[in-house]
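Listed here are the chains, written in short residue letters.
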Amino acid sequence: MSPTPDHVRQYIADNLPCEHLEVYGDGAHFEALIVSPLFEGKRTLARHQAVYQALGERMRAEIHALSMRTLTPAEYETIKNNG
């Protein structure tokens, strides 16, 4: 059974502290917006690695592609307020 966006959202939420989390996709390819205080002071690569670690083996076995935007809470607020 292919994972749904809700499954992927739950996998991430269970293993990464998130203040905001959106996941869209078709069962194989997903897009995510992930807002976490864990990303503070980290570059994009380290943020993505944290998400991959949260997904664990699911990234290899179930999820074939994940495009993600990883933001700190402050970065997300700036984007929300500037629309």
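Look above for the structure.
Residues numbered from 1 in each chain as written. Predicted model: local features only at pLDDT ≥ 70, side-chain atom pairs only at ≥ 80, totals over all residues. Heavy atoms only, no water.

### Topic: helix α2 (residues 44-55)
Working step 1: An ideal rise of 1.5 Å per residue puts 16 Å on 12 residues; α2 measures up with 17 Å between its terminal C-alpha atoms.
Working step 2: Of all the residues in α2, the buried ones are Arg47, His48, Ala50, Val51, Ala54 and Leu55. End-on view of α2: buried residues confined to an arc of 155°, all on one side of the axis. Opposite the buried face of α2, at more than 90 degrees from it, the exposed residues are Leu45 and Gln53.
Working step 3: Those residues of α2 that are buried lie in contact with α1 (5-15), β2 (29-35), α3 (58-61), β3 (65-71) and α4 (73-82).
Working step 4: Two residues or fewer past α2, Gly56 is found with a positive phi of approximately 55°. (Helix = DSSP H or I, 4+ residues; strand = E, 2+ residues; numbered from the N terminus. Expected span 1.5 Å × (residues − 1). Buried < 20%, exposed > 50% of the residue type's maximum accessible area, 1.4 Å probe, protein only. Arc of directions from axis to C-beta. Contact = heavy atoms within 4.5 Å.)

### Regarding the nonpolar core
Working step 1: Of all hydrophobic cores here, the largest spans 18 residues; its most connected members are Ile12, Leu16, Ile34, Val51, Leu55, Ile63 and Leu66.
Working step 2: Only α1, β1 (20-25), β2, α2 and β3 provide two or more residues apiece to this core.
Working step 3: Contact partners of Val51, with chain neighbours within four places excluded, come to Ile12, Leu16, Ile34, Phe39, Leu66, Met68 and Thr70. (Core = buried A, V, L, I, M, F, W, Y, C linked by side-chain atoms within 4.5 Å.)

### Overview of the packing of aromatic side chains
Working step 1: By the definition in use, this model includes zero aromatic pairs.
Working step 2: In this structure, Arg58 is placed above the aromatic ring of Tyr11, and the distance from its NZ or CZ to the ring centre is 3.8 Å. (Phe/Tyr/Trp six-rings, centres within 6.5 Å; stacked < 30°, edge-to-face > 60°. Lys NZ or Arg CZ within 6 Å of the ring centre and 35° of its normal.)

### A short note on the packing of α1 against α2
Packed helices, taken two at a time, are described by their axes: the angle between them and the distance between them.
Working step 1: It is at 8 Å that the axes of α1 and α2 come closest, and there the two elements cross at 105°. Taken together, α1 and α2 sit at an angle that is classed as roughly perpendicular. Contact with α1, carried on its side by Val8, Tyr11, Ile12 and Asn15, involves Val51, Ala54 and Leu55 of α2 and no other residues of that element.
Working step 2: Counted by class, the contact of α1 with α2 contains six nonpolar, one polar and no charged residues. (Axes fitted to C-alpha atoms, helices over the stretch in contact; angles between N-to-C directions. Parallel < 35°, antiparallel > 145°, perpendicular 65-115°, else oblique. Nonpolar A, V, L, I, M, F, W, Y, C, P; charged D, E, K, R; others polar.)

### Topic: the pattern of salt bridges
Working step 1: Under the defined criterion, the tally for this structure stands at five salt bridges.
Working step 2: In this structure, Arg47 engages Glu75 in a salt bridge whose closest nitrogen and oxygen atoms are separated by 2.9 Å. Taken together, the residues span a long stretch of sequence, with Arg47 in helix α2 and Glu75 in helix α4 at a distance of 28 residues.
Working step 3: Exposure remark for Glu75: the relative accessible area of 31% places this residue in the partly exposed category. (Salt bridge = Lys/Arg side-chain N within 4 Å of Asp/Glu carboxyl O.)

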